[in-house]
Amino acid sequence: MFLINFPSNSLALSVVLLWLLLASKCDADRVRVINLNRNWTLSNENGTITKSGVTIPSGVYSQLYAEKVLDSYNDVELRWISYDNWTYANSFSVKTEDFQSICFVNLTLHGIDTVAEVRLNGYLLGRPDNMFVRYSYEITKFLEEDNTLEIEIKSPVHAALSRARELESQGIDVPPNCPPSQYHGECHMNMLRKMQASFGWDWGLAAPSMGIWKPVTLEYYNVAIIRDVDVTLAKNTTHWTMQSRVFIDCNGDKDFYAELTFYAVELLKNPVIIKKHVETPVRRQAPIITFDIDVPIDDVTLWWPNGFGDQKLYPLHYSLKAWSNPEGPTLRDNVKSEKSIRIGFRTIELIEDPVKEGTGNTFFFKINGKEIFMKGSNYIPSHILPEYSRDSNRLKHLLQSAKDTHQNMIRIWGGGIYESDEFYDIADQNGLLIWHDMMFACAMYPVQESYLASVRLEISQNIKRIAHHPSIAILATNNENEVALVQSWYGTSAEDARFRQEYRELYLATVMHELKIVEHSSRPIPLVSSPSNGKVSANDNYISDNPQDPDYGDVHFYDVFKNAWDPNIYPRPRFSSEYGFQGLPQMASWLKTAGPHDNLVSLIQHRQHHPVGIPVMTNLIRRHLPLPLPEDPPYLEALVYFSQIAQAMATKVETELYRTLRDTEHRTMGALYWQLNDVWIAPSWSAIDFYGNYKLLHYWSQDFLAPISIIALYDRDSKAINVSLVCDEFEVDTNDLRVTLNIYKWSQLLPTNSTTWPVTLKPNGVHYDKIIPIAEIITGEFTPRNCFIEFVLRRGSAFLSHSFYFPGSIKKSLAVTNPEITLEISHRYCSSSVYVKTNSYSLTVSAKYPALFVYVELLRSDISKYKLSCNGFMQVTPVQVIHLEFEANNCINLTRHDIKVTTVNQYLKN
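These figures come from a predicted structure and were not determined experimentally. Residue positions are counted from 1 within each chain, in the order its sequence is given. Local features in a predicted model are, by the rule used here, given only for residues with pLDDT of at least 70; side-chain atom pairs are given and counted only at 80 or more, and totals for whole chains, interfaces and linings are based on all residues. By convention in this description, side-chain values take in all heavy atoms of the structure and omit both hydrogens and water.

## Examining helix 15 (residues 635-660)
Secondary structure elements follow DSSP: runs of H or I no shorter than four residues count as helices, runs of E no shorter than two count as strands, and numbering proceeds from the N terminus. Expected helix span is computed as 1.5 Å times (number of residues minus one). Between its first and last C-alpha, helix 15 extends 37 Å over 26 residues, near the 38 Å set by a 1.5 Å rise per residue. Burial analysis of helix 15 places 25 of its 26 residues in the buried class, which makes it a mostly covered element. Per-residue accessibility, obtained with a 1.4 Å probe over protein chains only, is compared with the maximum for each type, and a residue is labelled buried under 20%, exposed over 50%, and partly exposed between these values.

## Things to note about the state of the cysteines
When two cysteine sulfur atoms are found within 2.5 Å, that pair is recorded as a disulfide. In the structure shown here, the tally under the stated rule is two disulfides. Here Cys178 engages in a disulfide with Cys187; their sulfurs sit 2.0 Å apart. Measuring handedness by torsion sign, the sulfur bridge of Cys178 and Cys187 sits at about 105° and is right-handed. For Cys178, a relative accessible area of 42% translates into the label partly exposed. The exposure class of Cys187 is partly exposed, given its relative accessible area of 23%. Disulfide partner of Cys830: Cys891, at an S-S distance of 2.0 Å. Between Cys830 and Cys891 the disulfide shows an S-S torsion of about -85°. By sign, it is left-handed. One end of the pair, Cys830, is in strand 38 (residues 822-832); the other, Cys891, is in the loop between strand 43 (879-888) and strand 44 (899-902), and 61 residues separate them in sequence.

## Some thoughts on the domain arrangement of the protein
The domain limits used here are those given by an automatic or database domain assignment. For the protein, the domain assignment lists domain 1 (32-218), domain 2 (223-333 + 335-344), domain 3 (710-806) and domain 4 (822-907). Measuring from the centre of the C-alpha atoms in domain 2 to the corresponding centre in domain 4 gives 51 Å.

## As for unusual backbone geometry
Here Ile56 and Pro57 are connected by a cis peptide whose omega angle stands at 5°. Within the fold, Pro57 resides in the loop between strand 3 (50-54) and strand 4 (58-59). With an omega of 10°, the peptide bond running from Trp674 to Gln675 counts as cis. Secondary-structure assignment places Gln675 in the loop between strand 30 (670-673) and helix 16 (696-704). Phi is positive for Ala66, which is not a glycine, with a value near 50°. Tracing the backbone shows Ala66 in the loop between helix 2 (60-65) and helix 3 (74-77).

## With respect to the packing of aromatic side chains
When the centres of two rings from Phe, Tyr and Trp lie within 6.5 Å, Trp using its six-membered ring, the rings pair. Their planes under 30 degrees apart give stacked, over 60 give edge-to-face, and anything left gives tilted. Counting across every chain of the model gives 43 aromatic pairs. For the pair Tyr579 and Tyr658, a centre-to-centre distance of 5.3 Å together with 80° between the ring planes defines the contact as edge-to-face. Remark: Tyr658 occurs in helix 15 and Tyr579 occurs in strand 29 (residues 576-579); sequence separation between them is 79 residues. In terms of burial, Tyr579 and Tyr658 fall into one category: buried. The structure contains a cluster of three or more aromatic residues connected by ring pairs, namely Trp700, Tyr744, Trp746, Phe788, Phe804, Phe806 and Phe853. The lysine or arginine in question, Lys312, covers the ring of Tyr314, its NZ or CZ lying 5.0 Å from the ring centre. Only lysine NZ and arginine CZ atoms are considered, and such an atom sits over a ring when it is within 6 Å of the ring centre and within 35 degrees of the ring normal.

## Considerations on the sheet that holds strand 3
When DSSP locates at least two bridges between a pair of strands, those strands are taken to pair. The six strands lie next to each other as 3-2-5-11-8-9, forming an open sheet whose pairing is antiparallel. Each edge of the open sheet is held by one strand with a lone partner, namely strand 3 and strand 9 (123-126). Across the sheet, the mean angle separating the axes of adjacent strands is 25° when strand polarity is ignored. When strand 2 (residues 40-44) meets strand 5 (residues 86-93), the two strands line up antiparallel, connected through five bridges. Residue Leu42 lies in a different strand from strand 5, and its bridge partner there is Tyr88. Working convention: axes come from line fits to C-alpha atoms, limited for helices to the stretch in contact. Angles between N-to-C directions cover 0 to 180 degrees.

## Looking at the pattern of salt bridges
Within this document, salt bridges are pairs made up of a side-chain nitrogen of Lys or Arg and a carboxyl oxygen of Asp or Glu, the two lying within 4 Å of each other. Taken as a whole, this structure holds 40 salt bridges when the rule is applied. Its salt-bridge partner being Arg411, residue Glu578 comes within 2.8 Å of it at the nearest N-O pair. Here Arg411 lies in strand 25 (residues 409-412) and Glu578 lies in strand 29, a separation of 167 residues in the sequence. With respect to burial, Glu578 and Arg411 carry one shared label: buried.

## Some details on the sheet that holds strand 44
Across the sheet, which stays open at both edges, the three strands sit in the order 42-40-44 with antiparallel pairing between neighbours. Of all the strands in the sheet, just strand 42 (873-875) and strand 44 have a single pairing partner and so form its edges. For this sheet, the mean angle separating the axes of adjacent strands, direction not counted, is 40°. Sheet topology note: the strand 40 (residues 851-858)/strand 44 ladder contains four bridges and is antiparallel. The partner of Glu857 across the bridge, within strand 44, is Lys900. Here a residue-residue contact requires only that any non-hydrogen atoms of the pair lie within 4.5 Å. Contacts from helix 15 reach strand 40 and strand 44 within the one sheet, and its direction differs from that of strand 40 by about 115°.

## Notes on the pairing of strand 11 (residues 146-153)
Pairing geometry for strand 5 and strand 11, over eight bridges, is antiparallel. Each residue of the ladder has a partner; that of Asn90, found in strand 11, is Leu149. Sheet analysis places strand 8 (residues 116-120) next to strand 11, joined by five bridges and oriented antiparallel. Across the sheet, residue Leu120 finds its bridge partner in strand 11, namely Leu149.

## Let's talk about the pairing of strand 38
When a strand is regular, its side chains alternate between the sheet's two faces. Pairing between strand 38 and strand 39 (residues 837-846): ten bridges, direction antiparallel. Across the sheet, residue Thr822 finds its bridge partner in strand 39, namely Ser846.

## Some thoughts on empty space enclosed by the protein
Only protein atoms enter the 1 Å grid used here, on which a cavity is any set of points holding a 1.4 Å probe that cannot leave and a pocket is any open set flanked by protein within 12 Å on both sides along at least five of seven lines; residues with an atom within 4 Å of a point are listed as lining. Grid points are joined across faces, edges and corners, and a volume is the space filled by probe spheres set on the points. Applying the stated rule across the entire model yields four cavities of 30 Å³ or more. Estimated volume of the largest cavity: approximately 130 Å³. Forming the walls of the largest cavity are 16 residues, and the residues nearest its centre are Tyr558, Asp559, Ala564, Gly580 and Phe581. Of the residues belonging to the lining of the largest cavity, the class tally is eleven nonpolar, three polar and two charged. Empty space within the second largest cavity amounts to approximately 70 Å³. In terms of lining residues, the second largest cavity is bounded by Ala443, Met444, Tyr445, Val447, Phe499, Glu502, Tyr503, Leu506 and Tyr507. As a working rule, the residues Ala, Val, Leu, Ile, Met, Phe, Trp, Tyr, Cys and Pro are called nonpolar, Asp, Glu, Lys and Arg charged, and the rest polar, with Gly in that last group. In terms of residue class, the lining of the second largest cavity is made up of eight nonpolar, no polar and one charged.

## Section: the side chain of Thr241
In this fold, Thr241 is placed in strand 15 (residues 239-250). Residues adjacent in sequence count toward polar contacts only when both atoms are side-chain atoms; beyond that, a polar contact is any pair of N or O atoms within 3.5 Å, and within protein one must be able to donate a hydrogen and the other to accept it. Reaching out from Thr241, the side chain makes a polar contact with the side chain of Asp294 at a distance of 2.9 Å.

## Some words on the packing of helix 15 against helix 16
A packed helix pair is summarised by two numbers, namely the angle formed by the two axes and the spacing between the axes. It is at 9 Å that the axes of helix 15 and helix 16 come closest, and there the two elements cross at 30°. One finds that helix 15 runs roughly parallel with respect to helix 16. Considering the relative orientation of helix 15 and helix 16, their crossing is right-handed. Within the contact between the two elements, helix 15 uses Gln644, Ile645, Gln647, Ala648, Met649, Thr651, Lys652, Thr655, Glu656 and Arg659 and helix 16 uses Leu696, Leu697, Trp700 and Phe704. Counted by class, the contact of helix 15 with helix 16 contains seven nonpolar, four polar and three charged residues. Comment on the angle field: the value is read as roughly parallel under 35 degrees, roughly antiparallel over 145, roughly perpendicular from 65 to 115, and oblique elsewhere. Helix crossings are classified by the rotation of the near helix relative to the far one: an anticlockwise turn of less than a right angle makes the crossing left-handed, while a clockwise turn makes it right-handed.

## Quick word on the packing of helix 7 (residues 392-404) against helix 8 (residues 421-430)
One can describe the packing of helix 7 onto helix 8 by two numbers: an axis separation of 10 Å at closest approach and a directional angle of 30°. Classified by the interaxial angle, the pair formed by helix 7 and helix 8 is roughly parallel. As helix 7 packs across helix 8, the resulting crossing turns out to be right-handed. Mapping the contact onto sequence places Ser392, Leu395, Lys396, Leu399, Gln400 and Lys403 in helix 7 and Glu422, Phe423, Ile426, Ala427, Gln429 and Asn430 in helix 8. Within the contact of helix 7 with helix 8, the residues separate by chemical class into five nonpolar, four polar and three charged.

Shown next as structure tokens:
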């Protein structure tokens, strides 16, 4: 153990250590890593298509057509690409003396998508078949001065079919064989260890990707190289114990010697040198170096989730020297490799204790000893083509957008990918905790030994890479596969015993076993599935009769046939990790993705993959909003606009219900809606469209996820409105808090009647304020059709939160009039950075009558992404100022004609 105190002059020490680290990069004894990322060629099997000058990362789709697979009907028209075999080739030269003086040269493929053959100078090195695995080949004996590397990528569609037929020949069926026809997808996705969504999903296109989606490197070293570092943090009353485990890759058949130097410029006065393996060798069968350091509690700033404190990160640097000779390395040996990470000091607990009232267990997270309600969304890959999934600007935009709407947790869904290092770094910086599925979703899977061996490598490599991040909160081995098995989604009941045995073999004996490599008392035990009954699933050997039991664990909830604006239809779970409703992207996005001759209604129908089709949205819309008939001219624009209102309201109501249940007998402590982002322009559950534009759901979530919120929900049984005040803050000023109930008539801009009363807030909890019978509000001159209600929370004169309630169907409202909306550009500003210009505008919106869900759109086709300070708002004041911002290459002068304003009023006929 090492007891560490902070240096008295951290800045001076940081400068010295930084100089030492930079200087070390010039050492002749460093492991050499050479990137082979340029000057590749790509050709198809018969040589009719050849592309030169290819740069890695690369995919066949993107190399041939960039992102055009996302446009028009190209998801189908370009499918031929995935039916062919493609070869990447690279010629490179090395100097003989560069590798004759060392022991090993490795060719490391950090990501091959997916089934391939790798040849160097005609020699077969291996056959990768898992896009999530890093493959390394020792190539010293195959190297020449001039070399040719070929990576032949097999058609994933044919490879999946071939594997399915091989199992079928043995009498083994692994469903689902094919997706629903509405997906326009491909079959047997579960045969391959690749992004499951690439064969098609209910929200995404089928683009069965192929390529080299991560770097290709040559590694010159004598014995070993650092691959990953995991750091666990345990806290007692006086100190943090920081345990580092350095994971090493090594070649050869002998144990080796090592010296590890550890730098922590903000925690240590001096580097720590671990010398225990200078004389006692590291075992090559388990090449890990472990050491502990104690840090006084008072010397550490805690890392907190978004909204609860700062996200302090501490840089750590590890420098390894490894050699095989007991007498030590020579000056010419390539023995030194390095790894840098950042960590955050925080504790995390998943509390599953028996509830005090009723039956079941709690299911909530404590961070740094504090109970925290998890609010956020589910995250799917940022692009259907994995080579684009590492785009820094897109990742920053999506995760910053989540942070800006008060989210503190996102769930990485099991049908996507293990994300890039930068993704987890950004999540750390933004305080976004991650519920992380392993990459298995909505399917049964093979359990042949070759498949399981690949899975072991996948889990081991990826979890060692990501586990140190403070954002990683909880792991789950799969998405929905337990409930799919129990409810026989894919016809598994005929062989139920077999599929149960295979489920346990894959997830318990294989995935959970590999996750033990990062198991620690400071980390929650992984979940086997989501949804599940949490730890009580162990009583059923992890296949429960009802994995959706609301009294345990987490649930997923969808019901497209009920009134999703009614809070009474939703479950009362401990934690809702997936729920949502579909909406359409804005018209500008549809126009950008459509071909010049495409019919937009037909394109929307083509991209609607939900088996119910467009009625999955229109059924709810027609309950509440005046959607024109399909043959009417305004139908399409109204469908887009109303679908976003319906989606936003449904998600708002469900989320608000869950937030209000935290201090009831239901003890609901998490709400993660489906889904944050999208992979193309289509009907989907996303809050942000593929181009990065916010749907109304995202704009509204700024309010319904706010730390302090007033929530007014109608209870059908009591015919009353339950008014709750939610406060996520640990400390809150409760002085001079008041709620005002405003009743508006549709024909008048200002409230017709107002009532105010004093209230309080419960820190980090819910104050259940009033239950108001609706008959006490809608009385006298007011009817459900001529009025609507606003609840406003203020501290003194300062606005804190508000919420609207509509006592009747909006489409049946009486006396709704033209609000006579006007919009004026009142201020503009253009600021420059190195690469772009940020254009900012203030827009003044004026109205003479109540305006329903004011929807502002930018019509400029040369501006593909923009954001507003709010949108889809109720305007009940004469003037409202909103802010518009976008980035462009130039300062752009917008005019009033570039901005469109829509309200529900214009569709109502009274």
